[in-house]
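Chain residues, written in single-letter form:
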Amino acid sequence: MNTKAASSLTDTVVVDSSFVIDSTSVVKDTAVQKEKGYLTERWRNPVQVPVLDTLNPISKDSLARFVRLERRRVRDSVTQELDKLPKHVYFTFDDGPLIGSSAIDSISKAKNIKINAFLVGRHANMSKRLKKDLQRYKDNTLVECYNHSYTHAGNRFNTFYSNPVSAYEDFEKNELDLELKHKIVRLPGRNIWIYDDIRRIDLKSGASTADMLYTNGYKIYGWDVEWRIHSASGKPVQSVEEIYTRIRNYMNNKSSMEPNNVVLLMHDDMFQSKKGQQLLSSLIDTIQTTTDYKFEFISDYPFRY
Ligand SMILES: [Zn+2]
């Protein structure tokens, strides 16, 4: 995939009962290697198959040990590099417009952060108030609107995805009805990602619909971390501290789908109570005061280094 990067590696392995790794360190590699996505590629495929000396065959055990140590060495080095580079967080809100959407809209303006709304067309047609809330999202330049299907699968996900053609048409209807500009989708009830060179499926049911969407020009995004708050009471399932720590861990451990990019899932109805709204403000404040993470639109995902 990244042949230029791969061929520039100068690591050599001398096989002689123990491995001697004469390595130009990754840090040095990256200093000369500016190709976009190089570090991400090294993170995903940290171990290059060593050139083995056929005169001195090695045991399976020592090869496994080499691979383990090498993976750690490369990943530690890549982590150090990535930590010096910008980090991106994506606040995504599903199922709007719902009671709660107008508060999210106001908070994004008050805090001046970009947010991402995955919308359900049927909800916009349920009341005048929700239609108005949809318009608020659309008029707010800090909000980007994306496709979460027209019916939300009627919350019967297996049935919905068992007919990929009608499921596909449901997303199309949503796009037309809400006049969505981006071909960006999140599947209801599924954490599926298909974009660029990535295809990750959580549940098989949904895969055909996602593939059909992708074939027709859509990108499909899931999430790394989910925050839950009881919608009516505003009582958090995870406290602000807990969710903040999880986001930080994903960022630091590079365990998100894309290193240095963390996607947070929330739902609009979590923020219908004052209590819920305060928690959202508090999470944003915590991130803004203690990290240098940038709030981003999903349409810019991912930032690769
Ligand atoms: Zn949903």
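First, a word on scope: everything that follows refers to the structure included in this document. (Residues numbered from 1 in each chain as written. Predicted model: local features only at pLDDT ≥ 70, side-chain atom pairs only at ≥ 80, totals over all residues. Heavy atoms only, no water.)

### Let's talk about the coordination of the zinc ion
Next, step 1: Within the protein, the atoms that donate to the zinc ion are D95 (OD), H148 (NE2) and H152 (NE2), at distances of 2.1 Å.
Next, step 2: Here the donor residues of the zinc ion are spaced in sequence according to D-x52-H-x3-H. Of this pair, D95 sits in strand β3 (residues 88–96) while H148 sits in the loop between β5 (143–147) and α8 (157–161), placing them 53 residues apart in sequence. For the residue pair D95 and H148, the accessibility class agrees, reading buried in each case. (Donors = N, O, S within 2.8 Å, 3.2 Å for Na, K, Ca; no water. Helix = DSSP H or I, 4+ residues; strand = E, 2+ residues; numbered from the N terminus. Buried < 20%, exposed > 50% of the residue type's maximum accessible area, 1.4 Å probe, protein only.)

### Overview of the packing of helix α11 (residues 240–253) against helix α12 (residues 274–290)
Next, step 1: In contact at an axis separation of 10 Å, α11 and α12 are set at 40° when each is read in the N-to-C sense. Of the possible angle classes, the one that applies to α11 and α12 is oblique. Relative to α12, α11 is oriented so that their crossing is right-handed. On α12, the residues touching V240, I243, Y244, I247 and R248 of α11 are L279, S282, L283, T286, I287 and T290.
Next, step 2: When the residues that make up the contact of α11 with α12 are grouped by side-chain class, the tally is seven nonpolar, three polar and one charged. (Axes fitted to C-alpha atoms, helices over the stretch in contact; angles between N-to-C directions. Parallel < 35°, antiparallel > 145°, perpendicular 65-115°, else oblique. Left-handed = near helix turned anticlockwise from the far one by under 90°. Contact = heavy atoms within 4.5 Å. Nonpolar A, V, L, I, M, F, W, Y, C, P; charged D, E, K, R; others polar.)

### Things to note about the environment of Y195
Next, step 1: Looking at where Y195 falls in the secondary structure, it is placed in strand β7 (residues 193–195).
Next, step 2: Classification of Y195 by relative accessible area gives buried; the value is 0%.
Next, step 3: In this structure, the C-alpha to C-alpha distance between Y195 and I220, residues 25 residues apart in sequence, is 6.3 Å.
Next, step 4: Apart from residues lying up to four places away in sequence, Y195 is in contact with Y214, K219, I220, Y221, M257, E258, Y301, P302 and R304.

### Some points on the packing of aromatic side chains
Next, step 1: Considering all chains together, one arrives at 13 aromatic pairs under this definition.
Next, step 2: Ring centres 5.8 Å apart and planes at 35° place the aromatic pair W193 and Y301 in the tilted group. Of this pair, W193 sits in strand β7 while Y301 sits in the segment after β12 (294–295); the two residues are 108 residues apart in sequence, bridging distant segments of the chain.
Next, step 3: Given the relative accessible area of 2%, W193 is considered buried.
Next, step 4: Residue classification places Y301 among the buried positions, given a relative accessible area of 4%.
Next, step 5: Ring centres of W227 and F271 lie 6.2 Å apart, and the angle between their planes is 55°; this geometry places the pair in the tilted category. Of this pair, W227 sits in the loop between β10 (225–226) and α11 while F271 sits in the loop between β11 (261–267) and α12; the two residues are 44 residues apart in sequence, bridging distant segments of the chain.
Next, step 6: Three or more aromatic residues link up through ring pairs in this structure, and these residues are Y90, W193, Y195, Y221 and Y301.
Next, step 7: For R75, the ring lying beneath its charged end belongs to W43, and the centroid distance is 4.3 Å.
Next, step 8: Residue placement shows K173 over the ring face of Y150; its charged tip is 4.2 Å from the ring centre. (Phe/Tyr/Trp six-rings, centres within 6.5 Å; stacked < 30°, edge-to-face > 60°. Lys NZ or Arg CZ within 6 Å of the ring centre and 35° of its normal.)

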